[in-house]
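# Observations on chain architecture
Listed below, chain by chain, are the residues.
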Amino acid sequence: MQTHLQEVQDKQRHLDEEIAAYSESHEFHPNSGESYETFGQFLRSKGKIEDAIIGFHQACILNPQSAVAHHQLGYTLARGQRWDEAIIAYQKAGELNPYSPHVQYHLGQALVEEGRLEEAIAHFKQSITIDPEFEEGYDALKQAIAKKKGSL
């Protein structure tokens, strides 16, 4: 049976291998949050969700004030159906950039998945308050309200 330390070391070794492969075709700076954001997007595009999550976590550590890094982390956690963690990442992104309809929308989507419909509705409303032309917000709001009515 593998210890937690061994598991962490294996994940780091695997991430190092991914970085080496990525670095062959892209410029990578190990102390740059932006490099890890780009790397995370690359891994996510290849369907390597767990590895992408590790990359985005590193981006958030290196650049804790980046709303984009936290949003991307939340989006990737959601792709992995890790809703509780996605909600936390989206909330942080929303604190850092309260004017993003996309952050509010994605936070609402994760809340719907957790059955937290009242909170989701509030975030969908916020997304369309920020951007009245944000169609996805209206659609999600209608669906969440309908789902809430169906669960009464």
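In the block above lies the structure referred to throughout.
Quick look at the structure, then. (Residues numbered from 1 in each chain as written. Predicted model: local features only at pLDDT ≥ 70, side-chain atom pairs only at ≥ 80, totals over all residues. Heavy atoms only, no water.)

## Some details on the overall build of the chain
- On a plain count of helices and strands, the chain comes out with eight helices and zero strands.
- Counting every atom, the chain has about 8900 Å² of accessible surface; 51% of that belongs to carbon and sulfur. (Helix = DSSP H or I, 4+ residues; strand = E, 2+ residues; numbered from the N terminus. Areas by Shrake-Rupley, 256 points an atom, 1.4 Å probe, with all protein chains shown as cover.)

## Brief notes about the packing of helix α7 (residues 117-130) against helix α8 (residues 135-150)
- It is the contact of α7 with α8, at a shortest axis distance of 9 Å, that shows an interaxial angle of 160 degrees. In this view, α7 runs roughly antiparallel relative to α8, as classed from their interaxial angle. The two elements α7 and α8 cross, and the hand of that crossing is left-handed. Residue-level contacts link Leu117, Glu118, Ile121, Phe124, Lys125, Ser127 and Ile128 of α7 to Gly137, Tyr138, Ala140, Leu141, Ala144, Ile145, Lys147 and Lys148 of α8.
- A class-by-class count of the residues in the contact of α7 with α8 yields nine nonpolar, two polar and four charged. (Axes fitted to C-alpha atoms, helices over the stretch in contact; angles between N-to-C directions. Parallel < 35°, antiparallel > 145°, perpendicular 65-115°, else oblique. Left-handed = near helix turned anticlockwise from the far one by under 90°. Contact = heavy atoms within 4.5 Å. Nonpolar A, V, L, I, M, F, W, Y, C, P; charged D, E, K, R; others polar.)

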